Amino acid sequence: MQKDYSEVKGQLRSQEWFNNPHNMGMTAVYVERYMNYGWTREELQSGKPVIGIAQTGGDLTPCNRIHVELVDRVKAGIRDNGGIPHPIAEQGKRPTAALDRNLAYLGLVEILHGYPIDGVVLTTGCDKTTPACIMAACTMNLPAIVLSGGPMLDGHWRGRLSGSGTVVWEARERYAAGEIDYDGFMDIVTSSSPSVGHCNTMGTALSMNSLAEALGLSLTGCAAIPAPYRARKQMAYHTGLRIVDMAKEDLTPDKILTPEAFQNAIVVNSALGGSTNAPVHITAIARHIGHELPAKDWQTHGHHIPLLVNCQPAGEYLGEAFYRAGGVPAVMAELVKADKLHPHCQTVTGKTIGENLKGIAIEDERVIKPYDQPLKENAGFIVLSGNLFEAGLLKTSVIGDDFRKKYLQREDDENAWEGTAVVFDGPEDYHHRINDPDLPIDENSLLFVRYCGPVGYPGSAEVVNMLPPDRLVQAGISELPCIGDGRQSGTSASPSILNASPEATVGGGLAFLKTGDRVRIDLNTFTANVLISDQELIQRKKDWKQPDLVHQTPWQEIYRQSVGQLADGACLELAVKYQNVRDNTPRHSH
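Residues numbered from 1 in each chain as written. Predicted model: local features only at pLDDT ≥ 70, side-chain atom pairs only at ≥ 80, totals over all residues. Heavy atoms only, no water.

A. Seen up close, the overall build of the protein. Helix and strand content of the protein: 22 helices and 16 strands. Relative to the globule expectation of 25 Å for 590 residues, the C-alpha radius of gyration of the protein, 23 Å, shows essentially globular dimensions. Along the first, second and third principal axes, the C-alpha set of the protein runs to 65 × 60 × 55 Å. Put simply, the protein has 590 residues, and 55% of those count as buried. Across the protein, the fraction of contacts at a sequence separation of at least 24, relative to all contacts at a separation of at least 6, is 75%. The averaged location of the 70 negative side-chain charges in the protein is 3 Å from the averaged location of its 54 positive side-chain charges. (Helix = DSSP H or I, 4+ residues; strand = E, 2+ residues; numbered from the N terminus. Rg over C-alpha atoms; globule rule 2.2 N^0.38 Å. Buried < 20%, exposed > 50% of the residue type's maximum accessible area, 1.4 Å probe, protein only. Contact = heavy atoms within 4.5 Å. Lys, Arg positive; Asp, Glu negative; His and termini not counted. Charge placed at Lys NZ, Arg CZ, Asp CG, Glu CD.)

Right, dumping it as structure tokens:
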């Protein structure tokens with residue numbers, strides 16, 4: 001299965017990320033977030049060598065602390081000789097930053113266990129940092145508090161709000177329709193990152209930091225403060241004050257992260273229009289603290305909850321407006337009034353959720369809706385199963401009117417649809433063949449992508465939301481149903497069925513699907529099935545051979561040998577048995 005997917009030959013390796021005209025969509029994603037540093041697109045695409053600095057300095061390492069100061073001189077030397085000093089950012093990681101969540105988790109567990117630490121402030125931001133830090137705190141069960149970095153300021157393009165990540169999909173449609181060229185594409189995407197901070201949409205970063213607050217792990221109001229606002233630094237100070245008292249009180253994660261707290265997180269995520277990556281991360285957190293959180297719980301506790309937050313991708317506004325409207329506390333206060341949360345749950349403040357939310361109300365009803373006047377009813381996730389997979393996730397809050405009318409409002413078959421499968425073996429196969437004029441694809445097709453899960457990719461890639469062929473986009477068909485065993489960006493408004501578990505690589509049902517098969521998706525019975533006989537399916541299983549797995553790094557091999565499926569949190573399965581690690585004091589070093 002492994003191929004050489006290098007697309008830019010004869011130049012520096014970094015330009016495959018920053019200046020690849022053959023894959024401008026990914027180039028734009030890689031370039032966009034580095035604009036936060038004030039770098040220009042011209043610098044990143046100049047062809048200058050990009051130099052990494054493996055920074056080992058910090059307050060925990062006194063022997064190496066000098067590097068905190070020396071790194072500025074190193075940067076100066078790199079700059080003066082025509083290079084670019086390069087930090088890392090999640091969206092620049094290939095094959096996917098999902099690999100880094102479990103790696104960062106392992107590293108933080110070792111630090112918290114091996115060093116003299118009584119409590120920890122978890123500084124979180126972009127997607128994987130939040131679950132990685134909380135998972136490690138759960139394994140240790142040390143007093144821990146989450147301080148998120150906050151979203152970027154609102155982005156704008158030609159007088160309109162330009163949301164990070166979400167605007168990429170609009171730009172892809174405009175380009176496919178011939179409305180913009182390459183430079184126009186880059187201008188639209190880079191307009192969405194105007195300042196420091198994580199995604200300003202309700203993508204995975206803002207969703208996960210909001211859920212950290214909903215779980216009770218952040219001070220009230222922490223999650224939504226934009227990164228550049230003075231209130232963010234004030235929140236940091238108060239967080240520092242509070243963790244000292246938490247250490248004295250021995251207020252540990254297991255006293256906060258109860259089964260009811262996880263039910264609260266599911267409810268809040270539905271009201272937020274939160275990311276489809278949230279179930280993967282919240283389930284992982286639950287398992288590391290000792291609770292099981294079956295995939296079906298996201299439907300049981302969350303599907304009936306209405307959408308209250310009018311933020312992209314499910315709505316209109318961005319992070320600044322969400323904060324000014326009252327942020328997570330205003331949403332939770334509405335849910336408490338509607339008797340949809342467990343208000344008795346303990347939090348890092350030392351008080352319960354109900355106590356923390358007293359007197360809090362919505363500040364702007366354009367952005368946060370009252371519970372009885374929502375944007376959408378029944379806006380949580382649906383969990384589907386059948387012979388294609390045991391669990392697949394559908395985010396109902398992003399089902400638009402056009403999609404619902406075409407696929408879910410058919411006479412005598414409401415909330416269900418059938419179509420012909422078009423199957424791609426990974427995103428490279430998709431990009432290579434999607435515009436092939438001989439590909440049997442029309443407006444009644446369902447696009448499938450497989451071999452993209454935790455084991456197959458490895459790490460589970462954000463590739464399920466696939467654009468139709470250019471010819472269909474130009475004809476006004478901007479989306480087709482998409483299904484796969486990978487993930488998609490939390491900033492995407494695509495109503496895909498994703499996170500399919502078990503994945504094709506380990507013998508999940510998608511492995512046996514063929515282009516041309518008829519498939520039925522039924523939201524009434526919560527099923528997803530390929531319409532072939534049992535005998536045919538049995539024969540296909542006998543004929544199937546697991547693809548060869550080529551490991552590109554040592555960690556990829558370790559990860560593949562240990563990782564579980566998306567429905568189970570994609571944890572390192574050997575790690576979830578470790579509980580209350582702080583109770584086992586490490587041996588002396590000399």
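B. View of the layout of surface pockets. Looking at the second largest pocket, its volume works out to about 890 Å³. Around the second largest pocket sit 35 residues that line it, and Glu-173, Ser-478, Glu-479, Ala-493 and Ser-494 are the ones nearest its centre. Looking at the lining of the second largest pocket, the elements with two or more residues in it are strand 6 (160-162), helix 7 (166-176) and helix 18 (401-408). The element that contributes the greatest number of residues to the lining of the second largest pocket is helix 7, accounting for 6 residues. When the residues that make up the lining of the second largest pocket are grouped by side-chain class, the tally is 14 nonpolar, 12 polar and 9 charged. (1 Å grid on protein atoms, 1.4 Å probe; cavity = no way out; pocket = protein on both sides within 12 Å on 5 of 7 lines; lining within 4 Å. Points joined across faces, edges and corners; volume = space filled by probe spheres on them. Nonpolar A, V, L, I, M, F, W, Y, C, P; charged D, E, K, R; others polar.)

C. Inspection of the packing of aromatic side chains at higher detail. For the structure on display, the rule yields 9 aromatic pairs. The interplanar angle of 50° and the centroid separation of 4.7 Å between the aromatic rings of Phe-403 and Tyr-407 together place this pair among those described as tilted. In this pair, Phe-403 and Tyr-407 are both assigned in helix 18, 4 residues apart and thus about one turn of the helix distant. Its relative accessible area of 7% is what places Tyr-407 among the buried residues. For the ring pair Tyr-407 and Trp-417, a centre distance of 5.9 Å and an interplane angle of 50° mean the geometry is tilted. With a gap of 10 residues between them, Tyr-407 in helix 18 and Trp-417 in strand 11 (residues 416-424) connect regions that are remote in the sequence. Its relative accessible area of 2% is what places Trp-417 among the buried residues. (Phe/Tyr/Trp six-rings, centres within 6.5 Å; stacked < 30°, edge-to-face > 60°.)

D. Spatial organisation of helix 2 (residues 24-34). With 9 of 11 residues buried, helix 2 is to be regarded as a mostly interior element. Here helix 2 has its buried residues at Met-24, Gly-25, Thr-27, Ala-28, Tyr-30, Val-31, Glu-32, Arg-33 and Tyr-34. Here the buried face of helix 2 lies against helix 1 (15-18), helix 3 (41-44), strand 2 (84-86), helix 7 and helix 8 (182-190).

E. Just the nonpolar core, in detail. Grouped together as the largest cluster of nonpolar side chains are 95 residues, with contacts concentrated most on Phe-322 and Leu-335. Looking at this core element by element, the count peaks at 8 residues for helix 12 (residues 259-272). Contacts of Leu-335, omitting those with residues within four sequence positions, involve Val-267, Val-268, Ala-271, Ile-305, Leu-308, Lys-340, Leu-341 and Tyr-371. Among the nonpolar cores identified, the runner-up in size contains 51 residues, and Val-464, Cys-482, Ala-528 and Leu-537 belong to it. (Core = buried A, V, L, I, M, F, W, Y, C linked by side-chain atoms within 4.5 Å.)

F. Molecular detail of the pairing of strand 11. By the criterion of burial, strand 11 is predominantly enclosed, with 7 of the 9 residues buried. In this structure, strand 11 lies alongside strand 15 (residues 518-522), joined through 5 bridges in antiparallel fashion. Directly across from Gly-419, in strand 15, lies its bridge partner Val-519. By the bridge criterion, 5 bridges tie strand 11 to strand 12 (residues 445-449) in an arrangement that is parallel. Residue pairing across strands places Val-422 opposite Leu-447, the latter belonging to strand 12. (Pairing = 2+ DSSP bridges.)

G. Quick peek at empty space enclosed by the protein. Tallied over the entire structure, the rule returns 5 cavities of 30 Å³ or more. Of the volumes computed, that of the largest cavity is approximately 120 Å³. Every residue lining the largest cavity is counted, 14 residues in all, and those nearest its centre are Pro-279, Ala-295, Leu-393, Asn-499 and Ala-567. For the lining of the largest cavity, the secondary structure elements donating two or more residues are helix 13 (278-289), strand 8 (391-395) and strand 14 (497-501). Considering only enclosed or pocket space, the second largest cavity measures out at about 100 Å³ in volume. Together, Glu-213, Gly-216, Ser-218, Leu-219, Thr-220, Pro-329, Met-332, Thr-347, Ile-353, Asn-356 and Leu-357 line the second largest cavity. At the level of secondary structure, the elements contributing two or more residues to the lining of the second largest cavity comprise helix 16 (327-337) and helix 17 (353-356). Residue composition of the lining of the second largest cavity, by class: 5 nonpolar, 5 polar and 1 charged.

H. Examining the environment of Ile-497 more closely. Considering the arrangement of structural elements, one finds Ile-497 in strand 14. The spacing of Ile-497 and Thr-252 is 245 residues in sequence and 36 Å in space, taken between C-alpha atoms.

I. Looking closely at the pairing of strand 3 (residues 120-124). Of the two faces of strand 3, only the one carrying Val-120, Leu-122 and Thr-124 is buried; Val-121 and Thr-123 on the other face are not. Where strand 3 meets strand 4 (residues 144-148), 5 bridges bridge the pair, whose relative direction is parallel. Residue pairing for strand 4: Val-120 is matched across the bridge by Ala-144.

J. Geometry of a nonpolar patch on the surface. There is a patch of nonpolar side chains on the surface, built from Leu-60, Ile-111 and Tyr-115 and spanning about 270 Å² of accessible area. Mapped onto the elements of the fold, Tyr-115 is located in the loop between helix 5 (98-114) and strand 3. With a relative accessible area of 39%, Tyr-115 lands in the partly exposed category. (Patch = residues over 30% accessible without salt bridge, like charges linked within 9 Å, V, L, I, M, F, W, Y side chains within 5 Å. Areas by Shrake-Rupley, 256 points an atom, 1.4 Å probe, with all protein chains shown as cover. Salt bridge = Lys/Arg side-chain N within 4 Å of Asp/Glu carboxyl O.)

K. Geometry of the environment of Met-135. Structurally, the position occupied by Met-135 is in helix 6 (residues 129-140). Along the primary structure Met-135 and Ile-282 are separated by 147 residues, whereas in three dimensions their C-alpha atoms are 9.2 Å apart. Ignoring sequence-local partners within four residues, the contact set of Met-135 consists of Arg-101, Asn-102, Tyr-105, Ala-284, Ile-285 and His-288.

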